[in-house]
Amino acid sequence: MSTRCGFIGLGIMGKALAGNLAPKGLSVAVYDLVEEAIRAVEETGARAVGGPGEVGAEAEVIGVCVPADSHVRDVLMGADGVFAHAAQGTVVCIHSTVHPETVAEMSEAGAEHGVDVLEVPVAGGPLRAAEGNAFYMVAGDEGAFEKARPYLDAAASKVLYAGELGNASKLKLAVNVLTNLSFAAALEACELAKAMGLPQELFEEAGQETTMLNPLLLQYLSSKKMPKDALRSDPMQAHLRGRMEIAQKDLSLALEMALASGISMPVTGLVTQNAARVYGVDDDGLR
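Residues numbered from 1 in each chain as written. Predicted model: local features only at pLDDT ≥ 70, side-chain atom pairs only at ≥ 80, totals over all residues. Heavy atoms only, no water.

1. A look at the overall build of the protein chain
Step number 1: Each helix and strand in the protein chain was counted, giving 16 helices and 9 strands.
Step number 2: Evaluated residue by residue, the protein chain yields a buried proportion of 47% over its 287 residues.
Step number 3: Pairs at least 24 apart in sequence give 64% of the contacts found in the protein chain among residues at least 6 apart.
Step number 4: Within the structure as shown, the protein chain displays about 13800 Å² of accessible surface, and the carbon and sulfur contribution to it stands at 55%. (Helix = DSSP H or I, 4+ residues; strand = E, 2+ residues; numbered from the N terminus. Buried < 20%, exposed > 50% of the residue type's maximum accessible area, 1.4 Å probe, protein only. Contact = heavy atoms within 4.5 Å. Areas by Shrake-Rupley, 256 points an atom, 1.4 Å probe, with all protein chains shown as cover.)

Laid out in structure tokens, this is it:
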């Protein structure tokens, strides 16, 4: 009997992850506030339901991929939240990059209803996720982790168990710092090459040969080849702004954790302040 799965939050990453479940033979109930996102995942064989509570009532393993800590609380807690309707033994996988304290809070709230909470941040980007090639970092109860394996393996080619609850969020924050600082470095190096008269393709070839440009950085740099009119179009700017805002949230949280841990991260602070430039958001005064 296949694992009954649920998924809440069908944004860029959530849609990519959830789209792997039904094609892998898992039953899946999905919910999002955006009807278009729901329809896209329905095309993969998923079934739409009316709210988080219905997802909780129908699924054994539930993925949550919403933008921020407040949204995680909203879909899990309250009268129409997952916890109030889920059966004992249900496992909730929080994919959102949130504060470790939020995960601990949700774990305590879930335990009151007999629900296990795992933190499962994802890396690799939406393209890899859509291919079932995501990278999951998992922390929490090992028994819950094993119960969630069919769900996790459906979208990820690599699942790393990081130990006790809190470790995966901390690990993802550190990885996000590396990612965004790498984006900033790739942008400045590419801009220097082009300013000196070199084609971007030549810079990318050299970067790959020296192993400094990986597939994720090449994907990031691909937007720098777009015509300016296309890059500054409203749909593209909305997409880039969404990515920038997520990056700013994650980097700000990383800086908060750094302060609490007694270390300094000045380069991270600089990249956070320059996120619009890194992500190509055409704010006033940016160029």
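Next comes the rest of the write-up.
2. Some words on the sheet that holds strand E9 (residues 156-161)
Step number 1: The strand order across the open sheet built from 3 strands is E7-E8-E9, with neighbouring strands paired in mixed fashion. This sheet does not close on itself; its edge strands, each paired only once, are strand E7 (122-123) and E9.
Step number 2: Judged from the 5 bridges that link them, strand E8 (residues 134-138) and E9 form a sheet pairing that is parallel. Note on E9: the bridge partner recorded for Phe135 is Lys158.
Step number 3: In the packing of helix H10 (residues 167-195) onto the sheet, the strands contacted are E7, E8 and E9, and the crossing angle to E8 comes to about 135 degrees. (Pairing = 2+ DSSP bridges. Axes fitted to C-alpha atoms, helices over the stretch in contact; angles between N-to-C directions.)

3. Quick notes on the side chain of Lys224
Step number 1: Within the secondary structure, Lys224 sits in the loop between helix H12 (215-222) and helix H13 (228-231).
Step number 2: In this structure Lys224 is buried but unpaired, with Glu191 as the nearest side chain of opposite charge at 6.6 Å.
Step number 3: Leave out the neighbours within four places in its chain, and Lys224 touches Leu187, Lys194, Gln200, Val278, Tyr279 and Gly280. (Lys, Arg positive; Asp, Glu negative; His and termini not counted. Salt bridge = Lys/Arg side-chain N within 4 Å of Asp/Glu carboxyl O.)

4. Regarding helix H2 (residues 35-42)
Step number 1: Residues of H2 that are buried: Ala37, Ile38 and Val41. Each buried residue of H2 lies within a common arc of 100 degrees when the element is viewed along its axis, so the set occupies one face.
Step number 2: Check the buried side of H2 and you find it contacts helix H1 (12-18), strand E2 (27-31) and strand E3 (47-48). (Arc of directions from axis to C-beta.)

5. Things to note about the sheet that holds strand E4 (residues 61-64)
Step number 1: Strand order in the open sheet formed by 6 strands is E3-E2-E1-E4-E5-E6, with parallel pairing between adjacent strands. The open sheet has two edge strands, E3 and strand E6 (116-119), and neither has a second partner.
Step number 2: Where E4 and strand E5 (residues 91-94) come together, 4 bridges link them in parallel fashion. Residue Val64 lies in a different strand from E5, and its bridge partner there is Ile94.
Step number 3: Contacts from helix H4 (residues 69-76) reach strand E1 (4-8), E4 and E5 within the one sheet, and its direction differs from that of E5 by about 160 degrees.

6. Some details on the nonpolar core
Step number 1: The biggest cluster of nonpolar side chains holds 36 residues, and the ones touching the most others in it are Phe7, Leu17, Cys93, Leu118, Tyr136 and Leu152.
Step number 2: Setting aside anything within four residues of it in sequence, one finds Leu152 in contact with Cys93, Val120, Tyr136, Val138, Phe145 and Val159. (Core = buried A, V, L, I, M, F, W, Y, C linked by side-chain atoms within 4.5 Å.)

7. A few points about H4
Step number 1: Restricting attention to buried positions, one finds in H4 the residues Asp69, Val72, Val75 and Leu76. Within H4, the buried residues cover an arc of 135 degrees as seen down the axis, which keeps them to one side.
Step number 2: Its buried side turned inward, H4 meets E1, helix H3 (52-58), E4, helix H5 (82-85), E5 and helix H6 (100-111).
Step number 3: Of the residues trailing H4, Gly78 is marked for its positive phi of about 95 degrees.

Everything listed here is a matter of coordinates, which is why it stays silent on function.
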